[in-house]
Amino acid sequence: MKKLIIAMIIMLGSFGVANAKTIDYLVTGTPGGTAYDNAELFIPILEKETGYKFKKIIVDSTVGATIYLKTSKNPSIWIQNSLEHETPGNGLQASEDSWIGTGWGRAMAFCSNEGLQEAVAKLKAGKRLTFAVSNSYGQHLIDPLVTVTGTPMKFVPYGSSGKSLKGFVAGDTDMLFTNMPKAVSGVKKNGISCWANTGPTKILDMEPMAELFPDYKYNDIQTFTYLDSANMSKSDIAKLRMKWKNVLKSEAVSKHIEKKKLFHPSVYGDLSPKEWTAILDKAGKSWVGK
């Protein structure tokens, strides 16, 4: 009798798993990349919190996801970066109805070999300055600071953020403008000084650029990682939004945010879907100067 009861419990459990709602999880990258790593991070936690089954669909990019969703009617979710909004061929961007939750914000950092006061004085001194940057960062991001300070500034592009750090450390440029994880790496491994960030609060020794140069147009430029959806019912979106709060509280996500010195979405306030989609839209447009 005992064996029969155990067998029935196992059978019922298997039946529940087999009949769990299945949702496509679109992976906008390949193994080894950030998008794939995000899938590995979020899928197990989402399945645990929601009871849904998430089917991993490799679409390679947001453009690939755009193409996939033109024919698929399956309920789908994916992790998106606001930096990808303006990518040619990408048709994905959160709306007030599709947005599920923001994972984190990532600020940019200003670095050099000086401390904060000396660096700010250099920015205001009027002598031409060069910045090592990844080739994905356009000159338009620094030109408004030139207008504010009167100091000529030039971005010197490298093939990647890693190469720009190496170029700065080698003495090729006066300063470095880079993403937060690379800035943290530069501080810890190369001993550089990073003294300002474009986020809402101080990180390590990096003061908010908005406080140092409040009139600089891009003093708050960031990228946001968020969960978006398509072909989902209102009830499923409501459930996922509610469970997303627990996802962010999970140990794995909390450690990721802390390790990379990212901003938890709570730092930005208790925002509505409408307010978040406005922030995400602005973030995407700022990177291309819109």
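Shown above is the structure to which this text applies.
Residues numbered from 1 in each chain as written. Predicted model: local features only at pLDDT ≥ 70, side-chain atom pairs only at ≥ 80, totals over all residues. Heavy atoms only, no water.

Participant: What should I look at first to understand the overall build of the protein in this one?
Facilitator: Counting its regular elements, the protein contains 11 helices and 10 strands. The principal-axis extents of the C-alpha atoms in the protein amount to approximately 85 × 40 × 35 Å. Taken over 290 residues, the protein has a buried fraction of 46%. Within the protein, contacts between residues separated by at least 24 positions form 74% of all contacts whose residues are at least 6 apart in sequence. Taken together, the 36 basic and 27 acidic charged side chains of the protein have centroids lying 6 Å from each other. (Helix = DSSP H or I, 4+ residues; strand = E, 2+ residues; numbered from the N terminus. Buried < 20%, exposed > 50% of the residue type's maximum accessible area, 1.4 Å probe, protein only. Contact = heavy atoms within 4.5 Å. Lys, Arg positive; Asp, Glu negative; His and termini not counted. Charge placed at Lys NZ, Arg CZ, Asp CG, Glu CD.)

Participant: Even after reading the chapter, I still don't get the layout of surface pockets, so can you show me in this structure?
Facilitator: By rolling a water-sized probe across the atoms, one finds the places where empty space is left. Looking at the largest pocket, its volume works out to about 710 Å³. As for the largest pocket, its lining consists of 25 residues, and the residues nearest its centre are Thr34, Ala35, Asn38, Asn81 and Arg106. Counting residues per element, the ones that place at least two in the lining of the largest pocket are helix H2 (34-50), helix H3 (62-71), strand E3 (76-81), strand E4 (101-112), strand E10 (222-230) and helix H10 (251-260). With 5 residues, the single largest contributor to the lining of the largest pocket is H2. Of the residues that constitute the lining of the largest pocket, the class distribution is 8 nonpolar, 13 polar and 4 charged. Quantified by volume, the second largest pocket comes out at close to 420 Å³. Trp99, Lys245, Leu248, Asp270 and Trp276 are, among the 18 residues lining the second largest pocket, the residues nearest its centre. If you list the elements that add at least two residues to the lining of the second largest pocket, you get E4, helix H9 (234-249) and helix H11 (273-286). (1 Å grid on protein atoms, 1.4 Å probe; cavity = no way out; pocket = protein on both sides within 12 Å on 5 of 7 lines; lining within 4 Å. Points joined across faces, edges and corners; volume = space filled by probe spheres on them. Nonpolar A, V, L, I, M, F, W, Y, C, P; charged D, E, K, R; others polar.)

Participant: Honestly, the pairing of E4 in this entry has me stumped. Any pointers?
Facilitator: Strand residues, when the strand is regular, have side chains that alternate between the two faces of the sheet. In terms of burial, E4 is a largely internal element, 11 of the 12 residues being buried. Both E4 and E10 contribute to a ladder of 6 bridges, which runs antiparallel. Bridged to Gly105 within E10 is Phe224. With 4 bridges connecting them, E4 and strand E7 (residues 175-179) associate as antiparallel partners. For Phe110, the partnering residue across the bridge sits in E7 and is Phe177. Inspection of the sheet shows E4 paired to strand E8 (residues 193-197) by 4 bridges, in the antiparallel sense. (Pairing = 2+ DSSP bridges.)

Participant: Help me understand unusual backbone geometry, please; the structure alone is not making it clear to me.
Facilitator: Outside of glycine, negative phi angles account for most residues, and trans bonds account for most peptide bonds. Backbone geometry at Leu204 places phi at a positive 50°, although glycine is not the residue there. With respect to the element layout, Leu204 can be found in the loop between E8 and strand E9 (207-208).

Participant: Just checking my understanding: could you explain the packing of aromatic side chains for this structure?
Facilitator: Under the defined criterion, the tally for this structure stands at 15 aromatic pairs. On the numbers, 6.2 Å between centres and 85° between planes, the contact of Phe110 with Phe131 is edge-to-face. Placement of the pair is Phe110 in strand E4 and Phe131 in strand E5 (residues 129-134), with a sequence separation of 21 residues. For the residue pair Phe110 and Phe131, the accessibility class agrees, reading buried in each case. Ring geometry for Phe131 and Phe155: centres 6.0 Å apart, planes at 70°, overall edge-to-face. Highlighted residues: Phe131 in strand E5 and Phe155 in strand E6 (residues 153-158), separated in sequence by 24 residues. Residue classification places Phe131 among the buried positions, given a relative accessible area of 0%. What makes Phe155 buried here is its relative accessible area of 6%. Taken together, Phe110, Phe131, Tyr137, Phe155, Phe177, Trp195 and Trp287 form an aromatic cluster joined through their ring pairs. (Phe/Tyr/Trp six-rings, centres within 6.5 Å; stacked < 30°, edge-to-face > 60°.)

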